[in-house]
Amino acid sequence: MGSDAIRWHVHCSVCGAFIEKSAHCNSEVECKKCRSTLEILVKDDIVSVRPLHIKDEKLKERMRVYSQKVMNSRKETK
């Protein structure tokens, strides 16, 4: 098997759509479902996904509200 045989299976961090990635390095991809630009980071066989540009305004607002809730809950636990 060559190095192209390994595929990463992740989900879009904005809408949850399934994304298959076959490279071994960091890259940017566009989610086919919500059209958001995502950054996929690969390090030591660990893959993480984060949004760079969210095009859908409703999804952008949902992500903003979720982020604020997470940050507020962290402040309360300290």
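Since the model is a prediction, treat every value here as computed from it, not as a measurement.

Engineer: I'm lost on the environment of Asp-45 in this one. Help?
Structural biologist: Looking at where Asp-45 falls in the secondary structure, it is placed in the loop between strand 4 (37-43) and strand 5 (46-53). Its relative accessible area of 64% is what places Asp-45 among the exposed residues. A C-alpha to C-alpha distance of 9.2 Å links Asp-45 and Trp-8, two positions 37 residues apart in sequence.

Engineer: Would you explain the confidence of the model for the protein chain in this entry?
Structural biologist: Reading fine detail from the predicted coordinates is not recommended where pLDDT is low. Scored by pLDDT, the protein chain has a mean of 78; 90% of the residues are at 70 or more. The lowest-confidence element of the protein chain is helix 1 (residues 57-77), averaging 76 in pLDDT; the highest-confidence one is strand 3 (residues 27-30), averaging 86.

Engineer: Hey, could you run me through the sheet that holds strand 5 in this one?
Structural biologist: Strand-to-strand pairing in sheets goes through backbone hydrogen bonds, with the strands running parallel or antiparallel. Spatial ordering of the open sheet is given by 3-4-5, a layout of three strands whose pairing is antiparallel. Each edge of the sheet is formed by a strand with only one pairing partner; in this case those strands are strand 3 and strand 5. Averaged over neighbouring strand pairs, the angle between their axes works out to 30 degrees when direction is ignored. In this sheet, strand 4 lies alongside strand 3 in antiparallel orientation, the contact comprising four bridges.

Engineer: What am I meant to see in the side chain of Glu-39 here?
Structural biologist: Mapped onto the secondary structure, Glu-39 falls in strand 4. A distance of 2.5 Å separates a polar atom in the side chain of Glu-39 from a polar atom in the side chain of Arg-50. Setting aside residues no more than four positions away along its own chain, Glu-39 makes contact with Ser-27, Glu-28, Ser-48, Val-49, Arg-50 and Leu-52.

Engineer: Hey, could you run me through the pattern of salt bridges in this one?
Structural biologist: Side-chain pairing between opposite charges can occur once the charged atoms of the two side chains come close. Evaluated as defined, the whole model comprises two salt bridges. The partner of Arg-35 in a salt bridge is Glu-30, with the nearest N and O atoms 3.7 Å apart. Look at Glu-30 and you get partly exposed, because its relative accessible area is 42%. Ionic pairing is found between Arg-50 and Glu-39, a salt bridge with its closest N-O pair at 2.5 Å. With Arg-50 in strand 5 and Glu-39 in strand 4, the pair connects residues that are eleven residues apart, well separated along the chain.

Thresholds applied
- Residues numbered from 1 in each chain as written.
- Predicted model: local features only at pLDDT ≥ 70, side-chain atom pairs only at ≥ 80, totals over all residues.
- Heavy atoms only, no water.
- Helix = DSSP H or I, 4+ residues; strand = E, 2+ residues; numbered from the N terminus.
- Buried < 20%, exposed > 50% of the residue type's maximum accessible area, 1.4 Å probe, protein only.
- pLDDT = per-residue confidence, 0-100.
- Pairing = 2+ DSSP bridges.
- Axes fitted to C-alpha atoms, helices over the stretch in contact; angles between N-to-C directions.
- Polar contact = N/O pair within 3.5 Å; in protein donor to acceptor, adjacent residues only side chain to side chain.
- Contact = heavy atoms within 4.5 Å.
- Salt bridge = Lys/Arg side-chain N within 4 Å of Asp/Glu carboxyl O.

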